[in-house]
Structures are given as structure tokens and as C-alpha cells.
Amino acid sequence: MKVKKLALLLVLLLVSGVFVFAEEENVFSKYDQSLGFYGNSTGMMGISYQDWNGRLGYQVTGGFTYSDDYAFDVYSYDGENVPVDIFSYNIGAEVFYMLYEDSYDDWLAGALYVFGNLTHIGSINTDITFTGTTITPTEGDPYTEYSASGETDPYFTPGIGLAVGVGFEIVLFDHFSIPVEVGYGGAWEFSSIVPVNGGFMAGGGFRYRY
């Protein structure tokens, strides 16, 4: 019974804290939405929309890249199949809980928060085989020319990224928001349980609050 009463008291304190925070006038309640750019090392990157509702907040982020230019250093890939991204995209969501916020006059404010995010990532790839051919000129030393000798049909590679950690949002002049986040996370392709990358992650961006 004592445990139930304690749990109920904690819930009431949390709920009341959220409502009290919401009633206080600060830059995050006055300009609770923002739009801009965000990216992190687990695959979430692109145009970002964020919204604070009291101590609770969320953001959605999405982006894509497309390129058919395979101009990169091929000297290390002689005779190997090299996967190349033709088109890649990501769409993700992040939730926040604000631990503390403060402001200095009207030009500087900040908030400390914890976060968790989940990102769906995908790419259309092709495997290219590069082959080196030795050229012997009539004058000078022999050299090697590298060219694409084979290419597979495009294939789809889906994946997922997730992370948890701590963030700090700096707001300049009530509107210019600079989020900085650190934590731990990773990214996985659906075809394997071994992560593509994992461990320490970092993220950041620039948004305009309104």
C-alpha cells in the first residue's frame, strides 16, 4: 500500500510540474515551434520540425540524397565489388523531456533535456567492379588506368537507427535555436543483426523558433 501511495505521489508531482512549467512564460513556451536542419551520426539528417509542449517535446526529421557520380578513389578497389549509394533517404522522430531551462535577458536562453530517437533509413545501391589496366607508353614509365568493368542491377537496402542521450538547446535572441546532443546509439541494416555503426553518437543543428 505504501508503495502504491508513493507511486501515486510521484505521478502527481510530475504532472503538476508539467502544468506549472507550461504556465511559466519562457522562450520555449512563447515560441514553442521551430523549423530548420538537424543531423546525427546514426542516420537522422535533413529538414527538421520541433515542438515543445511544456516539458515534453518532439521533432520529426527527413532528408534524401541522390547521385549517379561514382567519382571516388578507386585505387584501393582493384577487382573488388564496391557498393555505391545511388539514392538514400531517412525519416525519423525524436522525443524530449526537459530537465531545466533558464534565460538571460532577451538574447540568450538554454534548456537541458534527455532524448530518445528512432530513424528509418534506406538506400538504393549498385555494386560496381573496378579493374586496373596497365598502360605502357612509348615514352615514360608504365601506369595503371582504372575503370568500371561491371555493375549489378540496383537493389534496396533498408535499415534502422536509434539513440538515447542528453541534449542542450541554446536559443539566441528568442528565435535562433542551436541544439547539441550526445549519447549512445547505432544503425542496423534489416538483413543483419550486426550494426553498421554503434557506440557514442553526436548530433546538432540549427533551427528558427516561432
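Please read these numbers as outputs of a predicted model, since none were measured by experiment.

1. Focus on a nonpolar patch on the surface
Item 1. A contiguous nonpolar surface patch, about 950 Å² in accessible area, is contributed by L35, I47, Y104, W107, F173, F176, F206, Y208 and Y210.
Item 2. Here F176 is to be found in strand β8 (residues 176-189).
Item 3. Using a relative accessible area of 35% as the deciding quantity, one classes F176 as partly exposed.

2. Looking at the layout of surface pockets
Empty space among the atoms can be located by rolling a probe the size of a water molecule over them.
Item 1. Estimated volume of the largest pocket: approximately 540 Å³.
Item 2. Put simply, the parts of the chain that give the lining of the largest pocket at least two residues each are β3 (56-66), β4 (81-104), β5 (108-135), β7 (155-172) and β8.
Item 3. Considering only residue class, the lining of the largest pocket consists of 11 nonpolar, 14 polar and three charged.

3. Notes on the packing of aromatic side chains
Item 1. Under the counting rule described, the total for this entry stands at 11 aromatic pairs.
Item 2. Put simply, the rings of F28, W52, F96 and Y113 pair up and form one aromatic cluster.

4. What to know about the side chain of S48
Item 1. Looking at the element boundaries, S48 is found in strand β2 (residues 45-53).
Item 2. Among the polar contacts listed, one links the side chain of S48 to the side chain of R207, at a separation of 3.4 Å.
Item 3. Contact partners of S48, with chain neighbours within four places excluded, come to S34, L35, G36, F37, Y38, Q59, V60, T61 and R207.

5. Some details on the confidence of the model for the chain
Item 1. Of the residues in the chain, 84% reach a pLDDT of 70 or more, and the chain-wide mean stands at 86.
Item 2. Scored below 50 in pLDDT, residues 9-13 shows zero contacts in the model against residues more than four places distant or in partner chains.
Item 3. Contacts of residues 15-23 to residues separated by more than four positions or lying in other chains number eight contacts, the stretch itself having pLDDT below 50.

6. Here we look at unusual backbone geometry
Item 1. Backbone geometry at F173 places phi at a positive 55 degrees, although glycine is not the residue there.
Item 2. Tracing the chain through its elements places F173 in the loop between β7 and β8.
Item 3. Of the residues examined, F173 reaches a relative accessible area of 52% and is grouped as exposed.
Item 4. Unusually for a residue other than glycine, D174 sits at a positive phi of about 70 degrees.

7. Some details on the pattern of salt bridges
Item 1. Per the counting criterion, the structure on display carries one salt bridge.
Item 2. The salt bridge involving R209 is made with E169; its shortest N-O contact spans 2.6 Å. Here R209 is found in strand β9 (residues 197-209), whereas its partner E169 is found in strand β7, with 40 residues between them in sequence. Like R209, the residue E169 is buried in the burial classification.

Conventions and cut-offs
Residues numbered from 1 in each chain as written. Predicted model: local features only at pLDDT ≥ 70, side-chain atom pairs only at ≥ 80, totals over all residues. Heavy atoms only, no water. Patch = residues over 30% accessible without salt bridge, like charges linked within 9 Å, V, L, I, M, F, W, Y side chains within 5 Å. Areas by Shrake-Rupley, 256 points an atom, 1.4 Å probe, with all protein chains shown as cover. Salt bridge = Lys/Arg side-chain N within 4 Å of Asp/Glu carboxyl O. Helix = DSSP H or I, 4+ residues; strand = E, 2+ residues; numbered from the N terminus. Buried < 20%, exposed > 50% of the residue type's maximum accessible area, 1.4 Å probe, protein only. 1 Å grid on protein atoms, 1.4 Å probe; cavity = no way out; pocket = protein on both sides within 12 Å on 5 of 7 lines; lining within 4 Å. Points joined across faces, edges and corners; volume = space filled by probe spheres on them. Nonpolar A, V, L, I, M, F, W, Y, C, P; charged D, E, K, R; others polar. Phe/Tyr/Trp six-rings, centres within 6.5 Å; stacked < 30°, edge-to-face > 60°. Polar contact = N/O pair within 3.5 Å; in protein donor to acceptor, adjacent residues only side chain to side chain. Contact = heavy atoms within 4.5 Å. pLDDT = per-residue confidence, 0-100.

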